[in-house]
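# A structural walkthrough
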Amino acid sequence: MICMLLVAGHGTILETQIKSDITGLYAHLTGVPKALLPGVGGKKILDFWWETVNTRQLFSEVYLVTNADKYKHYERWATANDFPVENVVNDGSTTLDNRLGAVADLELAIRSRQLQDDIMVIAGDMLCADQNFDIAQVIRFFRSKPGELAIYYELESGEKSYTRGIVEVCPNTHRVMRFFEKPQEGVTTSRLASVVFYCLRKESLLYISEFLSQNPDANDRTFGKFWEWLINEEKIPVYGMKLPTGFQLIGQVGLSDYTKWLAHYSSKQQLSPSKPITCRSFARVGLMGNPSDGFNGKTIAMSIANFWAEVTLIESQTLVLLPHPLNDPTEFGSLQDLFRISRKEGYLGGLRLLQATCKKFYQFCSEQGIALSKQNFTLKYDTNIPRQVGLAGSSAIVSATLKCLMKFYNITDNDLPKPIRANFILNVETDELFITAGLQDRVVQVYEGLVYMDFNKQLIDERGYGEYIPLDMSDLPLFWLAYLGNPSDSGQIHSNVRQRWLNGESAVVEAMKSFADLTDQARAAFQCKDWPRLAQLMDENFELRRSVYTDHCLGPGSLKMVQIARQFGSAVKLPGSGGAVVGLCMDTERLVEMKRAFQEAGCVFCFIVPYDPSVQSQN
């Protein structure tokens, strides 16, 4: 692949204003080409781009296209920066009036050097907010697509779309569907700005000559006009890749805007060794419909503030995943100590969850056309979610890790929408770690609060996710939770039910439909705040589950807890895969007595504190 750095612009507003500035602050920059002006971090703007593309592993040659007026400046820059002087192309123009135009400059370099290869085109006078993005990732994405590539970014709040080339990108295929060169307000709602940063296949270079033959005027020979023609008229496949960073073409701004954007981007760079990022995800209780989430059913679940997983990300020189001293032990008091801990806790701590999430995150961004900066970090986690009692402890760690990664790499909700985020978390567990799981836990940990979920097969087949609706959390009744103090592996709870469902066994298929019906009734009860009816439905949910999974699969511990709850007239069901029960006792006077009974049976008992994200955001 060949890289082309374009720096052939003439007579900019910026150059004129520097020359006429009376403060004397910029006198040393008089006559300096815009690409050689100071950029982020004190280095020249062109220095950054040369450092970015100066690698033989990616580019066989790098060319610089300039004009005759500034040629000597760039020749001197080339000798000082080990850039091959013979690769500096002079387009012969000396004024704005006899300029060739950006597309014609590219064609001149291709024709004069007889280039026959894929080409990356970059404006060498472009300020870039992120000095660490991975250009190799851009090339890999380009190679994976059957078309050209246009880089874009999301405009910041102060930027106007009518000053940029704006793209509309299909979120599924990443194909650029429309290109608008400096559109008037109201033409498009897109805030995705294309910049002079493209990849062209060698087979497509002939379109450049065709475009130039149709546009003899240099004013029309801009890349914005070229992409409008290529995408909107010729319907040539062009794909978009997002860089989570901002760009500013210096040739298009004045002195005040140049200094403003330089200060803005520089301040971001100085803040780069950012403060630690800490994110939490909460345990959840399934209140209705579970476990039908894995069988195209419906459920209602609630995140609870009693238990959480917390992940902290700190920028560092190398990428480090820190083991948890309790959950990922590497030091033991004795061989007997190792034996006891391993027998009780198993061998699978949280470290594998961090690693799998990071691996899947990089893969997702690469496939979705999101280039990440080359920054490293250290990840550590903590959790107080009880293990092996079905409260979504594993997915909470994955969810919290994903939140940290999104913040660190500036990945927005548009890049990774909530429904897709839930799928991502599930895929980390099922695809990478082979954990048996459904979508419910991941959805409620992404949306947070009290959530109604419909996993309708047709919806999921059509768009990849179900219908997820947050429910009102005001005036909820007092739910309670009890779990085994010494649980066994909760994953066994699923037994052979999935295979029976896949085989079309009528009892299982009908049971899953009944779970969905119970969930719809429970949703109505929540909306009407009919808590006696909700309690009745919770009991029905448990009995239906018991009929499908059998007592053997539910396990003696779960059945014992259900029996205790019912002795005190409380509604009760399993909140997850097993090892815990959640209940609603309408006779509040018996709660203290019931709590004591659970504790005397060796269980841990607590009253649930619902986690309401709307209240937290107000605080």
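Structure first, text after, so check above.
These notes cover the structure that comes with them. This structure is a prediction, so every number in the text was calculated from the model and none was measured.

Here helix H11 (residues 393-408) is 16 residues long and its end C-alpha atoms lie 23 Å apart, about the 22 Å a rise of 1.5 Å per residue gives. Burial within H11 is extensive, with twelve of its 16 residues counted as buried. Looking at H11, one finds that the buried residues are Ser 395, Ala 396, Ile 397, Val 398, Ser 399, Ala 400, Thr 401, Leu 402, Cys 404, Leu 405, Met 406 and Phe 408. Summarising the contacts, the buried residues of H11 are in contact with strand S12 (277-288), strand S13 (298-316), helix H10 (351-367), strand S15 (376-383), helix H12 (418-432) and helix H13 (440-447). Of the residues one or two after H11, Asn 410 is the one with positive phi, at around 60°.

A word on the sheet that holds strand S21 (residues 603-607). One open sheet accounts for four strands, arranged S19-S20-S18-S21; its pairing is antiparallel. Only two strands of the sheet have a single partner each, and these edge strands are strand S19 (571-573) and S21. Pairs of neighbouring strands in the sheet enclose a mean axial angle of 20°, with direction left out of account. Helix H18 (residues 556-567) rests against strand S18 (479-484), S19, strand S20 (580-584) and S21 of the sheet, and its axis sits at about 145° to S18.

Turning to the pairing of S18, a few remarks are in order. By the criterion of burial, S18 is predominantly enclosed, with five of the six residues buried. Summarising the sheet, S18 and S20 pair through five bridges and their orientation is antiparallel. The partner of Phe 479 across the bridge, within S20, is Leu 584. Note that S18 and S21 share five bridges and pair antiparallel. Residue pairing across strands places Ala 482 opposite Phe 605, the latter belonging to S21.

Below, the discussion takes up the environment of Asp 520. Along the chain, the position of Asp 520 falls in helix H16 (residues 506-528). When sequence neighbours within four positions are dropped, the list of residues in contact with Asp 520 reads Lys 298 and Tyr 452.

With that settled, consider the packing of aromatic side chains. For the structure on display, the rule yields 27 aromatic pairs. For the ring pair Phe 211 and Phe 226, a centre distance of 5.3 Å and an interplane angle of 80° mean the geometry is edge-to-face. Taken as a pair, Phe 211 in helix H6 (residues 206-214) and Phe 226 in helix H7 (residues 223-233) lie far apart in primary sequence, 15 residues in all. Their ring planes at 90° and their centres at 5.3 Å tell us that Phe 605 and Phe 607 sit as a pair that is edge-to-face. Under the relative-accessibility criterion, Phe 605 is labelled buried at 8%. Through successive ring pairs, a cluster of aromatic residues spans Tyr 198, Tyr 207, Phe 211, Phe 223, Phe 226, Trp 227 and Trp 229. Taking the ring centre of Tyr 549 as reference, the NZ or CZ of Arg 545 above it sits at 5.6 Å.

Let's shift gears to the nonpolar core. Counting residues in each nonpolar core, the largest one holds 110 residues, and the members touching the most others are Met 302, Phe 361, Trp 480, Leu 481, Leu 534 and Phe 598. With eleven residues, helix H17 (residues 531-554) is the single largest residue contributor to this core. Beyond its immediate sequence surroundings of up to four residues, Phe 361 is in contact with Leu 372, Leu 402, Leu 405, Met 406, Tyr 409, Ile 411 and Phe 424. Counting 95 residues, the second-largest nonpolar core is a separate cluster that includes Leu 6, Trp 229, Ile 236 and Val 238.

Parameters at a glance
- Residues numbered from 1 in each chain as written.
- Predicted model: local features only at pLDDT ≥ 70, side-chain atom pairs only at ≥ 80, totals over all residues.
- Heavy atoms only, no water.
- Helix = DSSP H or I, 4+ residues; strand = E, 2+ residues; numbered from the N terminus.
- Expected span 1.5 Å × (residues − 1).
- Buried < 20%, exposed > 50% of the residue type's maximum accessible area, 1.4 Å probe, protein only.
- Contact = heavy atoms within 4.5 Å.
- Pairing = 2+ DSSP bridges.
- Axes fitted to C-alpha atoms, helices over the stretch in contact; angles between N-to-C directions.
- Phe/Tyr/Trp six-rings, centres within 6.5 Å; stacked < 30°, edge-to-face > 60°.
- Lys NZ or Arg CZ within 6 Å of the ring centre and 35° of its normal.
- Core = buried A, V, L, I, M, F, W, Y, C linked by side-chain atoms within 4.5 Å.

Without other data, these values stay purely geometric and don't point to any function.
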